[in-house]
Amino acid sequence: MKPFSLIPLTLLAIGCQTTPDTPTLKEHFNDDFLIGAAINVPHVNGADPKADSIVTRHFNSIVAENCMKSEEIHPSEGVYHWDDADAFVKYGEERGMAIIGHTLIWHSQLAPWFAVDSTGSNVTPDVLKERMRDHITTIMTRYKGKIKGWDVVNEPILEDGSYRQSPFYEILGEEYIPLAFQYAAEADPDAELYINDYGMNAPAKRDAYVKLVNDMKAKGLRIDAIGMQGHMGMDYPDITEFEKSIEAFASTGANVMITEWDMSALPTISHSANISDSVVYNTQFNPYPNGLPSEISDKWNERMTAFLNLFKKHSDVITRVTAWGTQDGMSWKNDFPMKGRVEYPLLFDRNYNLKPFLMNELNTNELKYLTK
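Residues numbered from 1 in each chain as written. Predicted model: local features only at pLDDT ≥ 70, side-chain atom pairs only at ≥ 80, totals over all residues. Heavy atoms only, no water.

A. Seen up close, the packing of aromatic side chains. With the rule as written, the count across this model stands at 16 aromatic pairs. With 5.6 Å between their ring centres and 25° between their planes, phenylalanine 168 and tyrosine 176 make a pair best called stacked. We classify phenylalanine 168 as buried; its relative accessible area is 2%. Overall, tyrosine 176 belongs to the buried group, its relative accessible area being 3%. Among the aromatic residues, those joined into a cluster by ring pairs are Phe242, Trp261, Trp300, Phe307, Phe311 and Phe357. Note that arginine 95 overlies the ring of tyrosine 91, its terminal NZ or CZ placed 3.6 Å from the centroid. (Phe/Tyr/Trp six-rings, centres within 6.5 Å; stacked < 30°, edge-to-face > 60°. Buried < 20%, exposed > 50% of the residue type's maximum accessible area, 1.4 Å probe, protein only. Lys NZ or Arg CZ within 6 Å of the ring centre and 35° of its normal.)

Here it is as structure tokens:
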């Protein structure tokens, strides 16, 4: 039999379509890992019934896109806004999903008051510790027994392996990460606790996380999984380096989770690019405003297939794969880093159809029959 991975994607997409008997994503990956999506407040509130049908049918896990970040849920000291987070949790409970809380401690989208005093200066270490403990304990206690796991600390380390100079680090140093996990374990001993970051294929960053997790475990602190954000492009990350990180993180005894998975189909924009030039903008940075050419779509699907096969290969340590959204039209990558940019990074297209690489994956058994 010709190996499945070598069969042209375009041929498979034409030859096999999903049927009522085709398994859903959550059924297909049931023995591999949870399959999830990030959902936003409008989704939870019923603004996109088609997206809701996708999530309900295909996914068995959801993560909060924004409603649990501190500026949303804890906008001022002593004031918590629960409505959106409560609705998100209820949505997942009604569908029997594994609910993931995102995120407790993060430098970005941090409530403006969190790390400063009345004069705007950094608070003392003792004050920040107390604020962290209150924030973590209050939120986790409210959803105790309802949320499977939490991104306790998000994006604390840079690609060169150094610590990000966040307010938490400036005030508490490296101690803030173990403290956050200590507070989280005390607040809900049964919830899984994760650390999450992007660019996890970078060797120096990989080594820093392995050391961090091993040091925390040596101190008796629990960290259940390392989240590898899957924000990808056609030219990054290197899949070999990504696999090395999966293996290195698993060596700590923690599970691995593929979080925030999406893959840009457009040319990568460097930080030095002049995005204000209209000609460059139109010809280079937003080349496919009306849809992907078939050859680009094929390459995108082939690359997504390669990463999906990698995830399945390591399903003994990967416990969850989560897309950062549902269909292309709702991705944060649209209009980024400039208005008007049209992207195609998610598992479903703008017509709410599964992309070819997943159509092929779900029809594996039928394809085996056809290629004998």
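There is more to say, and it comes next.
B. Structural view of the pattern of salt bridges. Under the criterion given, the structure shown has 16 salt bridges. We note a salt bridge from glutamate 192 to lysine 148, for which the minimum N-O separation is 3.4 Å. Of this pair, glutamate 192 sits in strand 5 (residues 192–197) while lysine 148 is found in the loop between helix 7 (125–142) and strand 4 (149–154), placing the two residues 44 residues apart along the sequence. Take lysine 148: its relative accessible area is 34%, and that puts it in the partly exposed class. One salt bridge in this structure joins aspartate 197 and lysine 205, with 3.1 Å as the shortest N-O distance. (Salt bridge = Lys/Arg side-chain N within 4 Å of Asp/Glu carboxyl O. Helix = DSSP H or I, 4+ residues; strand = E, 2+ residues; numbered from the N terminus.)

C. Fine view of helix 4 (residues 49–58). For helix 4, the full list of buried residues reads Ala51, Ile54, Val55 and His58. For helix 4, the angular spread of buried residues about the axis comes to 95°, placing them on one side. (Arc of directions from axis to C-beta.)

D. Structural detail: the pairing of strand 5. Taking burial as the measure, the six residues of strand 5 include five buried ones, the bulk of the element. Pairing analysis gives five bridges linking strand 4 to strand 5, with the strands arranged parallel. Opposite aspartate 151, over in strand 5, you have tyrosine 194 as the bridge partner. Looking at chain direction, strand 5 and strand 6 (residues 225–232) are connected through four bridges and run parallel. In the strand pairing of strand 6, aspartate 197 is matched with methionine 228. (Pairing = 2+ DSSP bridges.)

E. Representation of unusual backbone geometry within the structure. Cis geometry marks the peptide bond from histidine 102 to threonine 103; its omega dihedral reads 0°. As for its placement among the helices and strands, threonine 103 is situated in strand 3 (residues 98–106). Proline 237 follows tyrosine 236 through a cis peptide bond whose omega is -10°. Position of proline 237 among the secondary structure elements: in the loop between strand 6 and helix 11 (239–250). Residue glutamine 109 is not a glycine yet carries a positive backbone phi of 50°. Tracing the backbone shows glutamine 109 in the loop between strand 3 and helix 7.

F. Inspection of the environment of isoleucine 171 at higher detail. Position of isoleucine 171 among the secondary structure elements: in helix 8 (residues 167–172). Discounting chain neighbours no more than four positions away, the residues touching isoleucine 171 are Ala115, Asn122, Val123, Thr124, Pro125 and Leu128. (Contact = heavy atoms within 4.5 Å.)

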